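Below, each chain spelled out in residue letters.
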Amino acid sequence: MVLAVTGGIACYKAVEVVRLLMRDGFSVQVAMTREAAQFVTPLTFQTLSGQPVATDTFSLTEESQIGHINLADQADVFVIAPATANIIGKIASGIADDLLTTVVMATQAPVLFAPSMNVHMFENPIVQENIRKLRRVGYHFMEPVEGYLACGYEGKGRLPEPEAIVEEIRGLLKKKDLAGERLLITAGPNQEPIDPVRFITNRSSGKMGYALARAAARRGAAVTLVAGPTSLPPPAKTRVVAVRTAEEMRAAVLERFADATAVVMAAAVSDYSPVQVAPKKLKKTADALRLELKRNPDILEELGRKKDGRLLVGFAAETDNVIANAEKKLREKNLDMIVANDVAAEGSGFEGDTNIATILDHGGNVVTLPLMTKDELADRIFDHLHALKTNRP
Ligand code: C5P
């Protein structure tokens with residue numbers, strides 16, 4: 001991919017974008033305008049990307065090694081971050097008078113602009129008209145973020161955070177094979193209150209459900225994530241509904257079920273909750289304290305009874321007889337797919353970033369997957385779901 005850096009103070013954030021992209025295994029060719037090189041030296045980008053930085057069309061040495069048409073053809077995605085009012089204006093007007101603008105003109109890859117400038121510049125009708133024009137012909141834009149600007153103003157003009165830019169890039173590179181799907185995904189643990197300061201919960205981190213929401217959004221689905229308490233940042237392009245108890249999760253899911261085309265229940269729903277919630281903090285008086293618990297409703301089972309063509313995916317976190325237990329749940333809860341994992345195995349289960357899973361479906365197919373990241377597993381789950389949908393009679 002090509003990351004083009006233009007001359008704004010937010011150039012320093014582009015350095016972090018390159019670092020994150022390299023971490024994720026991208027090959028990054030950086031191109032800079034002369035003005036950008038006043039803010040951050042090409043050497044910084046060269047060191048991080050491991051490739052010489054392209055700076056000018058008319059440098060003969062670079063032209064023989066790179067060539068602006070080569071650069072345009074090589075790129076699978078072209079990102080301009082930060083994008084100044086000047087570069088937006090030049091490209092919108094068809095000007096190609098330096099390396100960066102000639103490459104943008106020649107590329108057939110998707111082009112993403114991440115604008116960053118003074119709030120009044122951004123609001124200027126000329127800049128807004130240029131953005132509308134570029135959007136109309138297929139260029140992609142991220143919105144600048146509100147906040148304190150280096151020029152001393154408060155307002156909309158900050159470059160989005162590097163992680164958000166990288167997420168947008170991942171989305172642009174994905175096939176939109178889930179376009180038209182409306183996915184309802186659950187994630188995380190529940191908290192069942194005992195008194196105003198205590199609750200029962202489990203070790204779910206929410207990472208698997210959040211990875212599913214990110215993967216589905218990248219692949220073009222409209223995603224609603226019903227999430228129990230986690231410490232994770234909200235996924236891009238996802239509607240997040242925050243809940244605490246299993247009862248709240250059930251209500252949030254049922255309310256949105258009619259509108260969904262598929263449901264993925266990755267949440268570790270609490271099976272039991274205290275019969276009585278003490279209105280005041282319980283005091284430590286007696287030597288023993290007995291809590292009486294009642295069964296919570298099984299949300300997925302309830303959905304299975306009224307699914308009416310919607311695809312239902314469950315999870316089975318097990319510590320023994322993993323496959324047999326998952327098969328049983330697939331049948332009993334009337335699911336289309338279940339993702340079974342042995343939460344006791346090394347590299348699998350709750351808090352980590354990896355999982356070892358087996359996918360079972362209603363057609364009797366069993367796919368055993370090796371250790372992989374939760375993000376990779378999320379994509380494998382949607383590959384399988386997509387195949388089930390396309391192979392439907
Ligand atoms: O029966 P078990 O809890 O192992 O089933 C796991 C699957 O069922 C998960 O997909 C989980 O989200 C869902 N579930 C539910 N409501 C419950 C318990 C589990 O929807 N009360």
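Residues numbered from 1 in each chain as written. Predicted model: local features only at pLDDT ≥ 70, side-chain atom pairs only at ≥ 80, totals over all residues. Heavy atoms only, no water.

**Q** Hey, could you go over the pairing of strand E13 (residues 262-265) for me, with residue numbers and the actual values?
**A** Residues in a regular strand project their side chains so that they alternate between the two faces of the sheet. By the alternation rule, side chains of E13 split into Ala 262 and Val 264 and Val 263 and Met 265, which are all buried. Where strand E8 (residues 182-187) and E13 come together, four bridges link them in parallel fashion. By the bridge assignment, Ile 185 is partnered in E13 with Val 264. Where E13 lies against strand E16 (residues 311-318), four bridges are found, and the strand directions are parallel. The residue bridging Val 264 from the neighbouring strand is Val 313, located in E16. (Buried < 20%, exposed > 50% of the residue type's maximum accessible area, 1.4 Å probe, protein only. Helix = DSSP H or I, 4+ residues; strand = E, 2+ residues; numbered from the N terminus. Pairing = 2+ DSSP bridges.)

**Q** Which residues make up the packing of aromatic side chains, and what values do they have?
**A** In total, this model carries two aromatic pairs according to the counting rule given. Arranged with centres 5.9 Å apart and planes meeting at 70°, the rings of Phe 113 and Tyr 139 form a pair that is edge-to-face. Linking Phe 113 in strand E4 (residues 111-115) with Tyr 139 in the loop between helix H9 (125-136) and strand E5 (140-141), this pair joins segments that are 26 residues apart in sequence. Between Phe 113 and Phe 141 the ring centres are 4.6 Å apart and the planes differ by 5°, which places this aromatic pair in the stacked class. Of this pair, Phe 113 sits in strand E4 while Phe 141 is found in strand E5, placing the two residues 28 residues apart along the sequence. For the pair formed by Phe 113 and Phe 141, the shared burial category is buried. Taken together, Phe 113, Tyr 139 and Phe 141 form an aromatic cluster joined through their ring pairs. Seen from the ring of Phe 257, Arg 310 lies directly overhead, with NZ or CZ sitting 4.5 Å from the centre. (Phe/Tyr/Trp six-rings, centres within 6.5 Å; stacked < 30°, edge-to-face > 60°. Lys NZ or Arg CZ within 6 Å of the ring centre and 35° of its normal.)

**Q** Give a description of a positive patch on the surface that names residues and reports values.
**A** Together, Lys 280, Lys 281, Lys 283 and Lys 284 give the surface a local cluster of positive charge. On the basis of relative accessible area, Lys 284 is assigned to the exposed category, the value being 85%. (Patch = residues over 30% accessible without salt bridge, like charges linked within 9 Å, V, L, I, M, F, W, Y side chains within 5 Å. Areas by Shrake-Rupley, 256 points an atom, 1.4 Å probe, with all protein chains shown as cover. Salt bridge = Lys/Arg side-chain N within 4 Å of Asp/Glu carboxyl O. Lys, Arg positive; Asp, Glu negative; His and termini not counted. Charge placed at Lys NZ, Arg CZ, Asp CG, Glu CD.)

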